[in-house]
Amino acid sequence: MNIKQLLSDIVQKAMVAAGLPEGTNPAVSQSSKPQFGDYQANGVMGAAKKLKTNPRELATKVVESLTPALVSAGIAEKIELAGPGFINIHLDKAWLANQLAASAKDKQLGVTQREVPQTVVVDYSAPNLAKEMHVGHLRSTIIGDAVVRALEFRGDKVIRQNHMGDWGTQFGMLLAHLSDKLAANEVAETALADLENFYREAKVRFDDEEGFADRAREYVVKLQSGDAECDKLWQQFIDISITHSEEIYHKLNVTLKRSDIMGESAYNADLPKVIDELMAKEIAVEDQGAKVVFIDEMANKDGEPSVFIVQKSGGGYLYATTDLSACRYRSGELNADRIVIFTDARQSLHFKQVEIVARKAGFLPDNVAYDHCPFGMMMGDDGKPFKTRTGGTIKLAELLDEAVSRATELIKEKNPEIDSELLSEISRKVGIGAVKFADLSKNRTSDYIFNWQTMLSFEGATAPYLQYAFSRIQSIFRKAEVSANSISTKATITEPQEKALALKLLQLEEVLDSVISECTPNLLCNYLYELASLYMSFYEACPILKDDISDEVKTSRLALCANVANTLSQGLDILGIEVMDRM
RNA sequence: GUCUCUGUAGCUCAGCUGGAUAGAGCAUUCGCCUCCUAAGCGAAGGGUCGCAGGUUCAACUCCUGCCAGAGACGCCA
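Residues numbered from 1 in each chain as written. Chains lettered and ligands numbered in written order. Predicted model: local features only at pLDDT ≥ 70, side-chain atom pairs only at ≥ 80, totals over all residues. Heavy atoms only, no water.

Chain A is annotated in an unreviewed UniProt entry as Arginine--tRNA ligase from Thalassotalea algicola. Here is the UniProt Sequence similarities (unreviewed entry) comment for chain A, exactly as written: "Belongs to the class-I aminoacyl-tRNA synthetase family." (UniProt positions renumbered as here; feature names shortened; annotations may be inferred.)

Structural data, given as structure tokens:
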């Protein structure tokens, strides 16, 4: 059910009937204020301007043919013409109730499945395996995962690609250090238990220890030339590091699996071919010893093209080469209709260049969409970015543990009697949910300041608020001694709070469509918060189990409750946030 | 220097293809627990939407210029 789409189609027909050309944008949107109805159509004004006619008169004509299509059809209660040509649509309560009843029966909550499913390759998380995951990896991981779940819910085929950083010069240093540890009879698992520390040790030796840097470079060469001993060492390192990441994914309730990993190293064999093709097609040229592409499409005012290095003068490959290879693999082998990549905003220029070059080279056909979804960096309280190499970064694992322990304290305070098993389950869901929601609810591509208070807040527009709304509903069903799933009654909508709630429930599909096309889970966060908030108002204004409430009203309201509970848990599930029956 | 992103309430942020009186949360102030969970509800105050022009019936939204912050820009990713 997509009310906006439905109304758009109807209004558009009415516009054509009023003499406007086919395809005129009806500009239907949710009304900005309650007094303007539930939806408003603003398209008449723009159209009138083009035709140089009086907008008010034109709107009158549109309303004339709109009235039978909406009011007589029972969809709208009334249609009002306002201002210079606004058409305000007040939806019919009984119609809303019917739509709601229909979506309540549907396991997809009335959200229709995509008619022609797309194959969408989503590249997200992509931690650097040389180090432990830190707060900077949070955004890509959870935003990507939410979008992936939304796509799947809508019926698209998603192929997750975890483009892990498992290659590069820094591994020479790490492998040299690991090799020494193993020679000293240490076990790899133990040596690499604290990756951060291991990296630091290796770096110190690299900077200070005589001869170590040279050995590190040797290891890079050996690694790249496929030396068996070195490869084995590398494999050990990678395996253990991946296990670290998997622990984080598990804690975060993120769907990434080992099989989704397609690290940088996976493209190694293809890189020479990429370069050969670019040279053969004369897209890349040799310049100052390196192979580069001059991109005229991105020239500056003086006509100087943008430069894109695809191979270093020493013959080494760069992430540009890898990303080009990835384009070809994803469109060619994975048959992607759309490729979505979540990385921080610093890589915006890079991905713009990749797309242009990949399209020129034919690695990326025109019918494959290529969406780089950038986001801002995580900044410290001082407004300066977290430097990955200077230490002082907050490990993701530590942040998550902190969140859970803070949640534990809060719950114990509110409910001292709680048994420990339940306590740990709720703490985990609340703590992790709070961290995820704090991040997911922001869309800004600008940088944002990392702050424990914001991240771990349990009040206001937070995950616990939504979880609380859900558990309140469960509490009602417990008290009423009926199960939410057994309610088959159609809700009757009378009170304004009930109508607002019903309308909001029916807007899930609209929201999901935006989340999917724009890659913006924050819209779903907003939606769910508004839904929960409307529910809280309903809860205060419309008693359900009180003595003076008739059975009829009671079951009607219980039906609404069931619908809200399902929508909340499904919506939160898409965000990767869990709900609980009590808290 | 060039390009990109950002600038909205004291703070953190929403604001959909231009629409009607710019919205939330936190913080502040005032109400509401003889119980459908107060992690809640209701209400109040709080704004030159960075600045200045322009486009038009209408601009936070589009265009130009400027100011401020961040980032990227030939051999890191």
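Trainee: Explain the sheet that holds strand S4 (residues 86-91) to me, please; I cannot follow it from the model alone.
Mentor: Strand pairing within a sheet occurs via backbone hydrogen bonds; the two strands may be parallel or antiparallel. Spatial strand order, S1-S2-S4-S3: four strands in an open sheet with antiparallel pairing. Looking at the sheet topology across the chains shown, the edges are occupied by strand S1 (28-30) and strand S3 (76-82). Strand-to-strand twist of the sheet, defined as the mean angle between neighbouring strand axes without regard to direction, takes the value 25°. As paired elements, S3 and S4 share six bridges and run antiparallel to each other. Paired with Ala82 across the two strands is Phe86, which belongs to S4. (Pairing = 2+ DSSP bridges. Helix = DSSP H or I, 4+ residues; strand = E, 2+ residues; numbered from the N terminus. Axes fitted to C-alpha atoms, helices over the stretch in contact; angles between N-to-C directions.)

Trainee: How do you make sense of the state of the cysteines when you look at a structure like this?
Mentor: Following the criterion strictly, the structure yields zero disulfides and no others. The closest cysteine sulfur to the non-disulfide-bonded Cys519 is located on Cys373, 3.5 Å from its own sulfur. By relative accessible area, Cys519 is classed as buried at 8%. Sulfur of Cys525: no disulfide; nearest cysteine sulfur belongs to Cys519 and is 14 Å away. (Disulfide = S-S within 2.5 Å. Buried < 20%, exposed > 50% of the residue type's maximum accessible area, 1.4 Å probe, protein only.)

Trainee: Where do I start with the protein's contact with RNA strand B in this structure?
Mentor: Around RNA strand B, the surrounding shell holds 68 residues, and the nearest of these are Asn88, Glu264, Tyr468, Arg472 and Tyr539. A distance of 3.3 Å separates a base oxygen of RNA strand B from a polar atom in the side chain of Ser471. Here a phosphate oxygen of RNA strand B and a side-chain polar atom of Lys546 are 3.4 Å apart. At the level of elements, S1, helix H2 (43-51), S4, strand S8 (290-295), strand S9 (306-311), helix H14 (396-414), helix H17 (463-480) and helix H20 (522-541) are the ones that each hand at least two residues to the surface near RNA strand B. With eight residues, H20 is the largest single contributor of residues to the surface near RNA strand B. Among the residues making up the surface near RNA strand B, the classes are represented as 30 nonpolar, 20 polar and 18 charged. (Near = heavy atom within 4 Å. Polar contact = N/O pair within 3.5 Å; in protein donor to acceptor, adjacent residues only side chain to side chain. Nonpolar A, V, L, I, M, F, W, Y, C, P; charged D, E, K, R; others polar.)

Trainee: In this structure, what is going on with the pairing of strand S10 (residues 338-344)? I would like to understand it.
Mentor: Two faces make up the sheet, and in a regular strand the side chains alternate between them. The buried fraction of S10 amounts to seven of the seven residues, a majority that puts the element mostly inside the structure. Relative to S10, strand S5 (residues 119-123) runs parallel, the two sharing four bridges. Among the inter-strand pairings, Val120 is bridged to a residue of S10, identified as Arg338. Pairing of S10 with strand S11 (residues 369-375), which is carried by seven bridges, proceeds in the parallel orientation. By the bridge assignment for S11, Ile341 is matched with His372. Once the chain exits S10 it traverses helix H13 (residues 348-361) before rejoining the sheet at S11, and the crossover so formed is right-handed. (Right-handed = clockwise from strand over helix to strand, strands pointing away.)

Trainee: It is not clear to me how the packing of helix H5 (residues 138-154) against helix H19 (residues 508-518) should be interpreted in this structure. Could you clarify?
Mentor: A pair of packed helices is captured by two measures, namely the crossing angle of their axes and the spacing between those axes. Relative orientation of the contacting elements H5 and H19 amounts to 125°, with a least axis distance of 9 Å. Judged on the interaxial angle alone, H19 and H5 are oblique. As H5 runs across H19, the sense of the crossing is left-handed. On H19, the residues that touch Ala150, Leu151, Phe153 and Arg154 of H5 are Glu509, Leu512, Asp513, Val515 and Ile516. (Parallel < 35°, antiparallel > 145°, perpendicular 65-115°, else oblique. Left-handed = near helix turned anticlockwise from the far one by under 90°. Contact = heavy atoms within 4.5 Å.)

Trainee: So what exactly am I meant to see when it comes to the UniProt feature "domain: DALR anticodon binding" (unreviewed entry) in chain A here?
Mentor: Following the UniProt record, one finds the feature "domain: DALR anticodon binding" (unreviewed entry) at residues 466-583. For the annotated span residues 466-583, helix accounts for 68% and strand for 0% of the residues, and the straight-line distance between the end C-alpha atoms is 11 Å.

Trainee: Would you mind showing me how to read the packing of helix H10 (residues 228-252) against H14 here?
Mentor: Remark: H10 packs on H14, axes separated minimally by 10 Å, with the N-to-C direction vectors making an angle of 30°. Relative to H14, the element H10 lies roughly parallel. H10 and H14 meet at a crossing whose hand is left-handed. Contacts between H10 and H14 involve Ile248, Lys251 and Leu252 on the former and, on the latter, Leu396, Ala397, Leu400 and Asp401. In terms of residue class, the contact of H10 with H14 is built from five nonpolar, no polar and two charged.

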